[in-house]
Structures are given as structure tokens and as C-alpha cells.
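# Chain and residue survey
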Amino acid sequence: MQDSIALVPTMGALHAGHLELIRRARELSETVIVSIFVNPLQFESAADLSKYPRDLAGDTEKAIAAGATKVWAPNYNEVYPGEIAKISAGAIGEIFEGRHRTGHFDGVLTVVSRLFDYAKPDYAIFGEKDFQQLFIIKKWVKENNFPIDIVSVPTVRDSDGLALSSRNIQLTPAGRRAALIISQALRTGNKEAMLQTLASEPDFQVDYAEVIDEETFELAPPGSQSARGIIAGWVNGLRLIDNMRMGSDQ
Ligand code: AMP
């Protein structure tokens, strides 16, 4: 635990999910850096970027209370001082989330690489909520032999099952009710039931709903012991994603 550094990269608007990551970081290291940077490279549209919620003062307070020893909110020029050396996520960056959000995972890896360069963490903590992101980061760190432990934390949910997300505050009450269909669908445990459940909610538009194998991120073969449902779609103008290990509620 001594002398190690744990980094928790976030885009701010911190909620209980982020705070769980910070608490986990604090179990691992005495120095816990929480970065807050809304990374333009991972947004496809300027409109989506500009409406992303921001609350630096509130975030700083929450992060410190959860165990952060440093809240680091760099500006664009600090993160990207010159020409940007983009990092490609490769083929895995072009399926599911990547197919619906062109260049998203290249943007994620590019910012994570800059944050790692600056913070030089021994541990970096990420949520299972963004399961494809977690998979891609783990793969990239492994392939490049970076001496960083990628630590994951299960998705934190509201008591009604909705996965916490910074975007949830933008849901209308009706939208929030409709969004519950996502975790309900994931709990059914198989693709057909998942699709049927989603189809029962007219206010939810599916981008994708699949069952993948956690080890490969390919479609899960029948009988897979590591099958995970992944869902993305739209409700009241917001794009939400969630995932769950099939047969569990996590
Ligand atoms: P974001 O600020 O949305 O970029 O998320 C920062 C980190 O928090 C990422 O590693 C996310 O996967 C993680 N995260 C977001 N929501 C949750 C949640 N509900 N439970 C656990 N981790 C989460």
C-alpha cells in the first residue's frame, strides 16, 4: 500500500458509482488521484459535449470525502499540449459501442494514455458499467506491458436497478421510468427474453442488445460460463448503456 498511486479517471458529475471507485482506490493506495476531464475526443457531437453535466466544486468535495488525496481537473491544453498522438483501439473499438460512436474508444485510449503519462499510477480503477471500455483498456495495457494494474468495480445501481450514470440527472421522471427496462431486460438472462422485454417499452429505442463472452467480447457461444448481456439505447433523447453477467444481478 505504501508509496503507490491509484488513479480514478472520471469526467466529473460524480455519483455513488464514482465514489465506489475512489473508495476501492483508497484500499489500494495512500495516494488517490481523481482526474476530472470531459474529453472532447470521445464525444461525437459538439451538442452532446456541451450538455455534459459539470460541477467541479461539488465533485471536489465528494471525491475528498470518499478518500481522494488529490482532485486533478486539467484543462484541454494541459492534457493535449501539442499535436495529439491518437491511439487506436483496433477492431474491438469498432463493434457495439464503437459502431454507434465512431472513434469513441480511440478517444478513450488517447486520453487514458495522457492521464497515465502524467499521473504515473500503479493502479487505475474503472467501472464495469462501461464494460467494453474496461475490456479495451485492459487489453491495451496488457499488450503494451504497462506496469499498471487495471482494477474494476461492479456497477453501482439505484435501488430500482437503474445503473448510476452522470447522464441520469437529465432524465425526465417518465424517461427514468422507461429506462428501468434496461436492467429488467438484463436480468432475464438470455438474448431472446432481453429483446422481448426491451420491445415492451415503446419509449426505449435499442441500439444493440447482445450477449457476449466476457473473455473475448465475441458473441457468447451456447453454454458460455462467462456470458454478459450488453445493452445500449435511447430514452428521452439520452443514450444509456448497461450490462450484466447473465444469471446474476451485477
Ligand atoms: P465517467 O465519468 O462516466 O467517464 O466514468 C468514470 C468511471 O466511473 C468509469 O470507469 C466508469 O465505468 C465508472 N462508472 C460510471 N458509472 C458507474 C457505476 N454506476 N458504477 C460503477 N462505476 C461507474
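See the structure above.
A quick note: this is a predicted structure, and the numbers were derived from the prediction, not measured.

Criteria and cut-off values
Residues numbered from 1 in each chain as written. Predicted model: local features only at pLDDT ≥ 70, side-chain atom pairs only at ≥ 80, totals over all residues. Heavy atoms only, no water. Axes fitted to C-alpha atoms, helices over the stretch in contact; angles between N-to-C directions. Helix = DSSP H or I, 4+ residues; strand = E, 2+ residues; numbered from the N terminus. Parallel < 35°, antiparallel > 145°, perpendicular 65-115°, else oblique. Left-handed = near helix turned anticlockwise from the far one by under 90°. Contact = heavy atoms within 4.5 Å. Near = heavy atom within 4 Å. Polar contact = N/O pair within 3.5 Å; in protein donor to acceptor, adjacent residues only side chain to side chain. Areas by Shrake-Rupley, 256 points an atom, 1.4 Å probe, with all protein chains shown as cover. Nonpolar A, V, L, I, M, F, W, Y, C, P; charged D, E, K, R; others polar.

## Examining the packing of helix α1 (residues 16-28) against helix α3 (residues 56-66)
Between α1 and α3, the least distance of the axes is 8 Å, while the angle of their chain directions is 40°. Taken together, the axis directions place α1 and α3 in an arrangement best described as oblique. Note on packing geometry: the crossing formed by α1 with α3 is right-handed. Where α1 abuts α3, its residues L19, I22 and R23 lie against K62, A63 and A66.

## Here we look at the site of the ligand
As a structural note, the neighbourhood of the ligand is formed by 17 residues, with M11, G127, D130, V156 and L164 the closest of them. In this structure, a nitrogen atom belonging to the ligand sits 2.9 Å away from a main-chain N or O atom of V156. Taking L164, its main chain carries an N or O atom lying 2.9 Å from a nitrogen atom of the ligand. When the ligand sits alone it has 490 Å² of accessible area, and the protein chains cover 93% of it. Where the shell around the ligand is concerned, the elements lending two or more residues are β1 (5-10), α1 and β4 (123-127). Each residue belonging to the shell around the ligand can be placed in one class, and the counts come to eight nonpolar, seven polar and two charged.

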